[in-house]
Amino acid sequence: MFLYDDAYLQYQFSPDHPFNPVRLSATRDLAENFGLLSPDDVIPPRPATIDELELAHSPHYVDLVRRISVTGKKTYGIERLGLGTEDNPVFRGMHEAAALAAGGTLTAAEKIVAQQTSRALNLAGGLHHAGHGHASGFCIYNDVVAAIRWLRRETGWRVLYVETDAHHGDGVQDAFYRDPEVFFVSLHESGAFLFPGTGHVDEIGEGAGLGTTVNVPLAPATDDASWLEAFQSVVPRVMERFQPDIVISQHGCDGHYWDPLADMCATTTFYAAVPRLLSQWVDAYGINRWIAVGGGGYQSLSVVPRVWTLLWAAVSRQDLQDRPISPDWLAAWEPQSPSRLPRHLMDEPEQFPPIRDRQRMVKANRDTLAALAQQFPEMRFGVSGKA
Ligand SMILES: [Zn+2]
């Protein structure tokens, strides 16, 4: 199930803002072009209701977003709530656009609870920085928090949330920091180097939620192999121990080599492997329910559509070999791109310069994994796992 509506394209702060919804329509088009997406797969999202948004946010904040959404103009003091800033400028229709993005993830949850599908993808979601009473990092409403709280209320399911966005998912972590029924795992560029500055190894939950938050802060220039090593060391162990009823994964792809907003060196090798592994593990550990969402990704045409087509193939259990991208797709989207677009789905290794001081990066990440293993002795983190 692929959640999509052209109304998603209204989530646009300004014409030159890095968060560009063109990546959603270009991804949909590319997945269709590869024969992976049929009209039957596409389900339109419904907007989140005010009550649902208040599962994640204070009524005061939701009310403010609704009010400024009408005029698209700043009001006095809203910067304190993260709005009207350079990252999150105000725009007309902001509430409706953000409520629809959140509604997509809620629609996915609803369809899974109703057993109409067991897997769904909402690429407009993954807005993981939005906090209880503030916007942050291009995120107005936190679709993930709203959907997890909704699922908890409706089903009581234990939820495993996993993300590989380059940035730490602070908004999601904060919401469930004391909740033992929601396990949070984030593998991101270290907060010592990158926004939002959180997600250190010693952030492991609090109170009843102690031990259900895992952070793997990675060194800048982390590449496919090192990031995957961390992912494979941690995620299957958590599935085995925590035994979630559903997995929600966030697939921001701003850790790609070409992404302008982070410093990581992943390629399509990493972004093909992550959802394929999740797909195998969701089956192998008997979890059988999976919602995948989007997230960051600021090479809107050269990277995101290829990476998220790979994601959709895994979510929908379709095999996908590397193939040339069709001239039709290139003709439709290349005129909007500032650079020449890749001709193949998969990156070619020779497109990327070798990583300087790679051994140092690999060692730093292994040291981080060792520190993590010390924090969680019972998890026995290490490369293994079913499948
Ligand atoms: Zn990000």
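What you see is a predicted model, and the numbers here were worked out from it, not measured in a lab. (Residues numbered from 1 in each chain as written. Predicted model: local features only at pLDDT ≥ 70, side-chain atom pairs only at ≥ 80, totals over all residues. Heavy atoms only, no water.)

Asker: Would you take a moment to explain the overall build of the protein chain for this structure?
Answerer: When helices and strands are counted, the protein chain shows 11 helices and eight strands. Scaling as 2.2 N^0.38, a compact globule of 387 residues should have a C-alpha radius of gyration of about 21 Å, and the protein chain matches this with 19 Å. With the C-alpha coordinates aligned to their principal axes, the bounding extent of the protein chain is approximately 55 × 50 × 40 Å. The buried share of the protein chain, reckoned over its 387 residues, is 59%. Pairs at least 24 residues apart make up 77% of the contacts formed inside the protein chain by residues separated by at least 6 positions. Summed over all atoms, the accessible surface of the protein chain reaches about 15100 Å², with 49% contributed by carbon and sulfur. With 32 positive and 47 negative side-chain charges, the protein chain shows a separation of 3 Å between the mean positions of the two kinds. (Helix = DSSP H or I, 4+ residues; strand = E, 2+ residues; numbered from the N terminus. Rg over C-alpha atoms; globule rule 2.2 N^0.38 Å. Buried < 20%, exposed > 50% of the residue type's maximum accessible area, 1.4 Å probe, protein only. Contact = heavy atoms within 4.5 Å. Areas by Shrake-Rupley, 256 points an atom, 1.4 Å probe, with all protein chains shown as cover. Lys, Arg positive; Asp, Glu negative; His and termini not counted. Charge placed at Lys NZ, Arg CZ, Asp CG, Glu CD.)

Asker: Help me understand the packing of helix α8 (residues 268-284) against helix α9 (residues 304-315) in this model?
Answerer: Helix-helix packing: each pair is described by the crossing angle between the helix axes and the interaxial distance. Between α8 and α9, the shortest axis-to-axis distance is 8 Å and the interhelical angle comes to 20°. Looking at the two axes, α8 sits roughly parallel to α9. In this structure, α8 meets α9 at a crossing whose hand is right-handed. Contacts from Thr268, Tyr271, Ala272, Pro275, Arg276 and Ser279 of α8 reach α9 at Arg306, Val307, Leu310, Leu311 and Ala314. (Axes fitted to C-alpha atoms, helices over the stretch in contact; angles between N-to-C directions. Parallel < 35°, antiparallel > 145°, perpendicular 65-115°, else oblique. Left-handed = near helix turned anticlockwise from the far one by under 90°.)

Asker: Sorry, what's going on with the pairing of strand β5 (residues 182-189) here?
Answerer: Working note: regular strand, side chains alternate between the two faces of the sheet. Most of β5 is tucked away: eight of the eight residues are buried. Where strand β4 (residues 159-163) lies against β5, five bridges are found, and the strand directions are parallel. Along β5, the bridge assignment pairs Val162 with Val185. Regarding topology, helix α6 (residues 170-175) serves as the crossover connection from β4 to the parallel β5, and that connection is right-handed. Two strands pair when backbone bridges link them, and β5 and strand β6 (residues 213-218) are joined in this way by six bridges, in the parallel orientation. Residue pairing in the sheet places His188 in a bridge with Pro217 of β6. (Pairing = 2+ DSSP bridges. Right-handed = clockwise from strand over helix to strand, strands pointing away.)

Asker: Help me out: how do you make sense of helix α1 (residues 22-33) in this one?
Answerer: In an α-helix, one turn spans 3.6 residues, which is why side chains three or four residues apart end up on the same side. An ideal rise of 1.5 Å per residue puts 16 Å on 12 residues; α1 measures up with 16 Å between its terminal C-alpha atoms. Val22, Arg23, Leu24, Ser25, Ala26, Thr27, Leu30 and Ala31 are the residues of α1 that are buried. Of the surrounding secondary structure, the elements contacted by the buried residues of α1 are α9 and α10 (327-333). Gly35 lies just past α1 and shows a positive phi near 75°. (Expected span 1.5 Å × (residues − 1).)

Asker: How do you make sense of the side chain of Asn142 when you look at a structure like this?
Answerer: Examined against the element boundaries, Asn142 turns out to sit in the loop between β3 (119-122) and α5 (143-155). Asn142 sits in the buried class, given a relative accessible area of 1%. A polar contact of 3.0 Å, which involves the side chain of Asn142, links it to the backbone oxygen of Ala130. In terms of polar contacts, Asn142 uses its side chain to reach the backbone amide nitrogen of Val145, at 3.1 Å. Setting aside residues no more than four positions away along its own chain, Asn142 makes contact with Ala56, His57, Leu127, His128, His129, Ala130, Gly171 and Val172. (Polar contact = N/O pair within 3.5 Å; in protein donor to acceptor, adjacent residues only side chain to side chain.)

Asker: Can you help me understand the coordination of the zinc ion in this one?
Answerer: When a metal carries six donors in an octahedron, the ideal angles between them are 90 or 180 degrees, while four donors in a tetrahedron ideally lie at 109.5 degrees. Every protein donor of the zinc ion is listed here as Asp165 (OD), His167 (ND1) and Asp254 (OD), and their distances to the metal cover 1.9 to 2.1 Å. The sequence pattern formed by the donor residues of the zinc ion is D-x1-H-x86-D. (Donors = N, O, S within 2.8 Å, 3.2 Å for Na, K, Ca; no water.)

Asker: Any chance you could explain the pattern of salt bridges here in plain terms?
Answerer: Any two side chains of opposite charge can pair, on the condition that their charged atoms come close. For the structure shown, the criterion picks out 17 salt bridges. With a shortest N-O distance of 3.5 Å, Arg237 and Glu240 are connected by a salt bridge. Here Glu240 and Arg237 lie together in helix α7 (residues 224-242), a separation of three residues that amounts to about one turn. Note that Asp357 and Arg360 form a salt bridge whose closest N and O atoms lie 3.6 Å from each other. Residues joined by salt bridges that share partners form a network here, namely Arg46, Glu52 and Glu110. (Salt bridge = Lys/Arg side-chain N within 4 Å of Asp/Glu carboxyl O.)

Asker: Looking at this structure, how should I read the environment of Ile325?
Answerer: As for its position among the elements, Ile325 is in the loop between α9 and α10. Placed 24 residues apart in sequence, Ile325 and Leu301 show a C-alpha to C-alpha distance of 12 Å. In contact with Ile325, other than residues within four places in its own chain, are Leu30, Phe34, Arg306, Leu330, Pro342, Arg343, His344 and Leu345.

Asker: What should I look at first to understand the environment of Glu54 in this one?
Answerer: Note that Glu54 resides in the loop between α2 (50-53) and α3 (59-71). Look at Glu54 and you get partly exposed, because its relative accessible area is 31%. Glu54 sits 202 residues away from His256 along the chain, and the two C-alpha atoms are 33 Å apart. Glu54 has contacts with Pro59 and Val62, leaving out every residue within four places of it along the chain.

Asker: Whenever I open this one, the nonpolar core confuses me. Can you help?
Answerer: Proteins that are soluble and globular tend to have nonpolar side chains buried together. Within the largest apolar cluster, 130 residues are counted, with the highest numbers of intra-cluster contacts made by Leu83, Ile140, Tyr141 and Val185. The biggest single contributor to this core is helix α4 (residues 94-113), with 11 residues. Residues contacting Val185, with those up to four places away along its chain left out, are Leu160, Tyr161, Val162, Glu163, Val214, Val234, Val235 and Val238. (Core = buried A, V, L, I, M, F, W, Y, C linked by side-chain atoms within 4.5 Å.)

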